[in-house]
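Report on the structure
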Amino acid sequence: MATWLDKINNIDLEIITGDGSRFLPDYFIASVNKQVDYNISEFVFKDIDGSLVVRGRPKGTRYNIEFIFKGLNNLDEGKRFQEAAADPRAWNIRHPMYGAMKVQPIMLHYDDSKLNVTTITAEIIETLGISDLKDITDFPPDVIKTKHADVSKDSAM
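This one's a predicted model, so the numbers in the text were calculated from it and none came from an experiment.

A few words on the packing of aromatic side chains. A complete count under the given rule lists seven aromatic pairs for this structure. Pairing F81 with W91 gives two aromatic rings, centres 5.5 Å apart and planes at 75°, and the pair type is edge-to-face. In this pair, F81 sits in helix α2 (residues 74-85) while W91 sits in strand β8 (residues 91-95), placing the two residues ten residues apart along the sequence. F81 gets classed as buried once you look at its relative accessible area, which sits at 0%. Judged by its relative accessible area of 0%, W91 is buried. Grouping aromatic residues by their ring pairs yields a cluster made of F23, F67, F69, F81 and W91. The lysine or arginine in question, R55, covers the ring of Y38, its NZ or CZ lying 4.0 Å from the ring centre.

With that settled, consider the pattern of salt bridges. Side chains that differ in sign of charge can pair as their charged atoms come close. Evaluation of the coordinates by the stated rule reveals six salt bridges. Where E14 meets R22, a salt bridge forms, and the shortest distance between an N and an O atom there is 2.4 Å. A residue is classified by how much of its surface remains accessible, and E14, at 12% relative accessible area, is buried. Residue R62 pairs with E123 through a salt bridge whose shortest N-O separation is 3.1 Å.

Rules used throughout
Residues numbered from 1 in each chain as written. Predicted model: local features only at pLDDT ≥ 70, side-chain atom pairs only at ≥ 80, totals over all residues. Heavy atoms only, no water. Phe/Tyr/Trp six-rings, centres within 6.5 Å; stacked < 30°, edge-to-face > 60°. Helix = DSSP H or I, 4+ residues; strand = E, 2+ residues; numbered from the N terminus. Buried < 20%, exposed > 50% of the residue type's maximum accessible area, 1.4 Å probe, protein only. Lys NZ or Arg CZ within 6 Å of the ring centre and 35° of its normal. Salt bridge = Lys/Arg side-chain N within 4 Å of Asp/Glu carboxyl O.

Encoded structure:
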C-alpha cells in the first residue's frame, strides 16, 4: 500500500474538463479539505421541543483543491483552463490522494498576483452520472389507474 507521501510524489493531478480538455497542473497543494454531508429530512412539531432528523445516504463529497500553472505561459494556460471549465459537463479528475473522481466545480478562484504563477482554487462536488441513476418508479401506471379509480369512486359517494 502506498503512503500519502508516495502518492503525492508519484501521481500527478490530472483534470479533464467537460469539453475533454486535459490539464496537468505544475503543482497542487496537498492540504486538501473534504466535507461529507448527508441527505436529511428535518421535522419540527408545533408543541414539541426539538427536531426529528432522519438521516439518509451521503451526498456527493465536497473538496477544496488548489493547483498551480507556472512559467512563461501561466496566464495563457489559466485562460485556457477558464474557457474549458465553462463547459457545464462534469470533470474527471485523477487526484493523488483521493483517486479517480467525477466532479462538478461550484467555484473557481484565479490568483495571478505572483506574476509567473497562476493559482486556481476550486470547490468541487463528486457527482453521479446520469447512467448511475436507476429508473425509480414509485407506482407502476396500472397501480396509479387503480388508485385513481378508487379515489374517484369514494368522492362520488
